Every structure is written in structure tokens, then in C-alpha cells.
Amino acid sequence: MVRYRVRGGNALRGTAFIQGAKNAVLPMIGAALLVPKGRTVLRNVPIIEDVRRAVELAEAVGAQVELHEAERTLVIDASRLHSPVLPAEIARRFRGSVLFTPALLHRLGEAIVEGVGGCNLGSRNLDFHYLGYKRLGAVVDEGETVIHVKASGLTGATLYLDTPSHTGTENLIMAGALARGTTVIENAALEPEVLDVIDMLTKMGARISGGGTGFITVEGVEELHAVEHTVMPDRLDAGVFAMAAAITQGEVSLVGTGLDLGVVRYKLEQMGVDFARQGAVLNVRCDRPLRPINIITDTYPGFATDLQSPMMTVAALADGHSYIHERIFDGRFALAGELNKMGADVAVEGSRAIVRGATPLTGTRVTAHDLRSGIALVLAGLAAKGETVIESGYLIDRGHAHLAERMRALGADITREISAG
Ligand SMILES: CC(=O)N[C@H]1[C@@H](OP(=O)(O)OP(=O)(O)OC[C@H]2O[C@@H](n3ccc(=O)[nH]c3=O)[C@H](O)[C@@H]2O)O[C@H](CO)[C@@H](O)[C@@H]1O
Ligand SMILES: C=C(OP(=O)(O)O)C(=O)O
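Keep in mind it's a predicted model, so treat the numbers as computed, not measured.

Peer 1: Run through helix α7 (residues 192-203), naming residues and quoting values.
Peer 2: For α7, which comprises twelve residues, the first-to-last C-alpha distance of 17 Å matches the rise-based estimate of 16 Å (1.5 Å per residue) to within 8%. Listed as buried for α7 are P192, E193, V194, D196, V197, I198, M200 and L201. Phi for G205, located one or two positions after α7, is positive at around 110°.

Below is the structure:
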């Protein structure tokens, strides 16, 4: 059992090093498995539990993988894939496991998915993935727990996603990349991580156009080759460190962001947080009481659902009523009850929450229900009086690398403990 122990009250000051993006590296590991010869190198890899699970899963299907932690580098040799089975005990521990199916289909003619995990956020369907594979010529046998997809060569087709699914878009691009002919994906996801995956696949020899427009065209090629690629920065990790500066009335320089934080920055600015770009560094500081805010989550470029929970913590510390409308997932408010245990006043009705702030927070024992509610509770702990203990820390470690070390470097009083049971 991993737990985080946070003693609040310290203003965070200093330089925060932003990790590579979880939601880009996982599809990239899946993409590396498409390559029959040579070794793929991924740089700026976040050392998070989801990457460790992805390494285990890649090894389970026959890839040879080296994770060089100090160098934040993965070296992947997928020349000898031999098993189409994504075993339940690994695949059920993270969402990214679904991203291995296109490679297994292309390389081995079948994928046997014994389960797909990920944060528990309500319904998380995969119908767009499987309907898309069927349109490309695969046979999908959906059993009670195991899904068996078979294809002796895929053929391009026009695909439409009811909503722009992030991993759905990535999977169907990878499926189309080695299919015969042209695949068109309408209503495709626009997330920067999807564009980074397209960049990598393009370097590998894939022919993809329309990334970022919602209409993606993929001209199938015969073979893809191994490349080196640097994973983009994690905008969710960057958002969390910006919020940590804001709620502790601190000042943090974000290094490695290289990207615009977009709507998260605008929302925090509306709350009274100052941002200043100093060349390659993004400086965040706050020295005034926070104002309340309205948040409506949406697909990119809307407000990212993954930052909705951390933002709820910030809202609890703002003077006045904030409004949050969660539009992507139907079960992403488990944080409210935990924040209320700490003294917050969050009322949830369906997909909407009203946060009445500012209420002083007091440390106590709380539960991370998923990755982002976990990190939101760490933020709450930084601003709370006394000690906050957050379990299970594993969920936080799924998506944030070396969190305690990086926050301690900014002056936070936070420890990560491991105990039996
Ligand atoms: C590993 C990864 O990249 N995870 C991210 C990805 O998850 P993921 O790719 O699973 O999220 P999706 O964009 O697919 O899902 C969003 C919504 O669409 C629905 N849906 C999706 C696919 C489908 O076939 N049918 C369907 O109905 C889901 O139930 C959900 O309500 O995008 C989410 C939304 O930005 C993020 O919170 C996750 O961090
Ligand atoms: C929902 C998330 O992740 P996953 O899709 O990997 O469960 C997340 O990163 O907040």
C-alpha cells in the first residue's frame, strides 16, 4: 500500500520540472509494437506506474523492452512478438492497454483482450474502437470478459466517432496506418497528445493528414520503421504544479512545459493567478485571495476533464461560489465527498457541482478514488491545516512521476510511504 502524507501551510517556491505526457507515451509504446524490425527509442518518458504496466504488457506479447529510468528513455524491440493475449492481470490495471490492439492485429492477425483498466469514472465504453475495427474488416467477438478481435489484413474505410474519443482516435489511426487503402476518421480527437502520436507515426513512415482538424485521413503503407521520438510535456502535470503555486500563495517556475496551458491558464488567471512566460520557462505566482470560477469540461480545446478534480480543490479555496459541469465522464465527482471530509462545501447534483468557498481545510485521512482525485487531495493537503493522509497512492503514481520529490524541492512537506497491506 502506497500512501502520501502531506502537512500543509508551506508556500511552494522554486522550479518544477514537468514530466513527459502519460497520455502520449502510452499510445507511443503501442505504436512501437507496429514495427517489425529495429529498435524504437522514446525520450522524456515519465517514470510512472502506467509506463511500468505498459512495459510489462509489451513484454507479455513478446517485445524486448529496456526502461532506463535515470535517462527517462525506453528502448523497444518488437521484432519477435509472439502472443496476441493482453493478460487480465496487467491489462486491467491501466487504460492504455487498449492501445496495444492495433499492433497485435497487424502483426499477429488477432488480439485477445482479457480486460482494460483505467480510472473508475463511470461508463468508459470502447464501442468506437471495436466498431471501427469491424468497419476495417476485423471480426470482433465480444465475450462476457474477453474480447477477441481477428483480422487477416485490414482494409481502409470511412469511420465516424459519435464523440471524439482520445484513445479511440489513436487506435483507429494505428489500425489505418497499415491497412490497404485509405481510412478516414470523422470527428477525430484534437488533443495535443494525439497530434504528438501522429508526429511519431509520420516519422515512422505512416501517411496521415488532417491531425487537429477533426477529419483525419490515413493512407495505408506496407511497413513502418523504428524511430527515436521525444514525448511531449504533460499538460496535466503542469496544470497541477501551477495550481499548487496558486493555492499556497507561492511562486513556481515550470520547466519543460514548452506548450501553452490554454484554458487552464485562462481559468486560473480569472481566479487571480499570474502567469508570465520567460523564454522557455512559465512562471506562476499568486499573492492575492482566489476568486471563484465556472468550469465546463470538454474535449480539446475545452477544459480537460482530467484537471476538473484538481480545479475543484482550487475552487474550494476561492472566495465565493464556483460552478463545475462535468461533460465527459458520468462518474467523476467522487472527490467531493473526500474534500468535504476536510471541511470543503461541495454539493453535487448529477453532472454539476457547486463549490462554496473559501472554507478552511483541515487534514485528515482521505481516499483517492482515481488518479486525478488523488492529486486533487494532495493539493488540498498542501493548503490544509495539519496532516492529510491519502490512500491509495498507487493511483497517483499511475500518472505523476516522483511527485513527493518534486514537491519537496519546492518546499512542500510531503512524504510517500509504502507499507504492507
Ligand atoms: C490513456 C488516455 O489517453 N486516457 C485519457 C483518454 O481516455 P479515453 O480515451 O478512455 O477517453 P475517451 O475520449 O475515449 O472517452 C470520453 C468519453 O467517450 C465515451 N466513449 C469513448 C470511447 C468509446 O468507444 N465509446 C464511448 O462512449 C466514454 O464513455 C467517455 O464518456 O481521454 C480521456 C478524456 O480526455 C482522459 O480523461 C484520459 O486521461
Ligand atoms: C482518466 C485518466 O486516465 P486513464 O484514461 O489512463 O484511466 C486520467 O489520466 O485522469
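Peer 1: Describe the site of ligand 1, listing the residues and the values that go with them.
Peer 2: Ligand 1 sits among 19 residues. The nearest are D127, F128, S165, T167 and D306. With respect to ligand 1, the side chain of D127 contributes an N or O atom lying 2.6 Å from a nitrogen atom. For the shell around ligand 1, the elements supplying multiple residues, two or more each, are α1 (22-32), α5 (127-135) and α6 (166-177). With three residues, α5 is the single largest residue contributor to the shell around ligand 1. Partitioning the shell around ligand 1 into residue classes produces four nonpolar, nine polar and six charged. When residues are assigned to domains, the shell around ligand 1 turns out to be shared by domain 1 (2-19 + 233-418) and domain 2 (22-230), each giving three or more.

Peer 1: An account of the layout of surface pockets is needed here, citing residue identities and associated values.
Peer 2: Size it by volume and the largest pocket reaches roughly 990 Å³. The wall of the largest pocket is formed by 41 residues, among which R124, S165, H166, I328 and F329 lie closest to the centre. Here the residues of the lining of the largest pocket are counted per class, giving 14 nonpolar, twelve polar and 15 charged. When residues of the lining of the largest pocket are assigned to domains, at least three fall in each of domain 1 (2-19 + 233-418) and domain 2 (22-230).

Peer 1: Run through the UniProt feature "modified residue: 2-(S-cysteinyl)pyruvic acid O-phosphothioketal" (unreviewed entry) in the protein chain, naming residues and quoting values.
Peer 2: Under the present numbering, the feature "modified residue: 2-(S-cysteinyl)pyruvic acid O-phosphothioketal" (unreviewed entry) in UniProt falls on C119. For C119, the location among the structural elements is in the loop between β7 (110-113) and α5. Looking at C119, the relative accessible area reads 12%, which means it is buried. Once you skip the residues sitting within four places of it in the chain, C119 turns out to touch R124, D370, L371 and R398.

Peer 1: Describe in detail the domain arrangement of the protein chain, supporting the description with residues and values.
Peer 2: Split by domain assignment, the protein chain resolves into domain 1 (2-19 + 233-418) and domain 2 (22-230). Just the C-alpha atoms count here: the centres of domain 1 and domain 2 sit 30 Å apart. Listed as interface residues are 22 residues of domain 1 and, on the opposing side, 23 residues of domain 2. Summed over both partners, the interface of domain 1 with domain 2 comes to about 2000 Å²; 51% of that surface belongs to carbon and sulfur atoms.

Peer 1: Outline the packing of helix α8 (residues 235-247) against helix α12 (residues 371-383), listing residues and values.
Peer 2: Running from N to C, α8 and α12 point in directions that differ by 20°, and their axes come no closer than 9 Å. Viewed along their axes, α8 and α12 adopt a mutual orientation that is roughly parallel. Crossing hand, α8 versus α12: right-handed. Between α8 and α12, the contacting residues are L236, V240, M243, A244 and I247 on the first element and R372, I375, L379, L382 and A383 on the second. Class assignment for the residues of the contact of α8 with α12 results in nine nonpolar, no polar and one charged.

Peer 1: Any details on the site of ligand 2? Residues and values, ideally.
Peer 2: All residues in the neighbourhood of ligand 2 are listed as K22, D50, R95, G118, C119, L121, R124, D306, R332, L371, R372 and R398. K22 is positioned such that a nitrogen or oxygen atom in its side chain is 2.7 Å from an oxygen atom of ligand 2. Within the side chain of R372, an N or O atom sits 2.7 Å from an oxygen atom of ligand 2. With the chains in place, 94% of the 290 Å² that ligand 2 exposes on its own is no longer accessible. Residue composition of the shell around ligand 2, grouped by class: three nonpolar, one polar and eight charged. Shared between two domains, the shell around ligand 2 holds at least three residues of each, these being domain 1 (2-19 + 233-418) and domain 2 (22-230).

Peer 1: Which residues make up a negative patch on the surface, and what are the values?
Peer 2: On the surface, D127, D141, E142 and D162 cluster together into a negatively charged patch. With respect to the helices and strands, the residue D141 is situated in strand β8 (residues 139-142).

Peer 1: Please provide a residue-by-residue account of the sheet that holds strand β21 (residues 352-357), values included.
Peer 2: Strand order in the open sheet formed by four strands is β18-β19-β21-β20, with mixed pairing between adjacent strands. Each edge of the open sheet is held by one strand with a lone partner, namely β18 (294-296) and β20 (346-349). Taking each pair of neighbouring strands and ignoring which way they run, the sheet shows an average axis angle of 10°. Note: β18 against strand β19 (residues 320-325), three bridges, orientation parallel. The residue bridging I295 from the neighbouring strand is I324, located in β19.

Peer 1: Lay out the pattern of salt bridges with the relevant residues and their values.
Peer 2: Inspection of every chain in the model, using the stated rule, returns 26 salt bridges. Across the salt bridge formed by E66 and R39, the nearest N and O atoms sit 3.3 Å from each other. Of this pair, E66 sits in strand β4 (residues 64-68) while R39 sits in strand β3 (residues 39-43), placing them 27 residues apart in sequence. Measuring nitrogen to oxygen at the nearest pair gives 2.7 Å for the salt bridge that ties E193 to R235. A residue pair is termed long-range when its members are at least 10 positions apart, and E193 in helix α7 and R235 in helix α8 qualify at 42 residues. Both residues of the pair, E193 and R235, belong to the buried class. Here the residues in one salt-bridge network are R3, R5, R7, R365, E387, E391, D413 and E417, joined through shared partners.

Here is what the cut-offs are and how they apply
- Residues numbered from 1 in each chain as written.
- Chains lettered and ligands numbered in written order.
- Predicted model: local features only at pLDDT ≥ 70, side-chain atom pairs only at ≥ 80, totals over all residues.
- Heavy atoms only, no water.
- Helix = DSSP H or I, 4+ residues; strand = E, 2+ residues; numbered from the N terminus.
- Expected span 1.5 Å × (residues − 1).
- Buried < 20%, exposed > 50% of the residue type's maximum accessible area, 1.4 Å probe, protein only.
- Near = heavy atom within 4 Å.
- Polar contact = N/O pair within 3.5 Å; in protein donor to acceptor, adjacent residues only side chain to side chain.
- Nonpolar A, V, L, I, M, F, W, Y, C, P; charged D, E, K, R; others polar.
- Domains from an automatic or database assignment.
- 1 Å grid on protein atoms, 1.4 Å probe; cavity = no way out; pocket = protein on both sides within 12 Å on 5 of 7 lines; lining within 4 Å.
- Points joined across faces, edges and corners; volume = space filled by probe spheres on them.
- UniProt positions renumbered as here; feature names shortened; annotations may be inferred.
- Contact = heavy atoms within 4.5 Å.
- Buried area = accessible area lost by both parts, 1.4 Å probe.
- Axes fitted to C-alpha atoms, helices over the stretch in contact; angles between N-to-C directions.
- Parallel < 35°, antiparallel > 145°, perpendicular 65-115°, else oblique.
- Left-handed = near helix turned anticlockwise from the far one by under 90°.
- Areas by Shrake-Rupley, 256 points an atom, 1.4 Å probe, with all protein chains shown as cover.
- Patch = residues over 30% accessible without salt bridge, like charges linked within 9 Å, V, L, I, M, F, W, Y side chains within 5 Å.
- Salt bridge = Lys/Arg side-chain N within 4 Å of Asp/Glu carboxyl O.
- Lys, Arg positive; Asp, Glu negative; His and termini not counted.
- Charge placed at Lys NZ, Arg CZ, Asp CG, Glu CD.
- Pairing = 2+ DSSP bridges.

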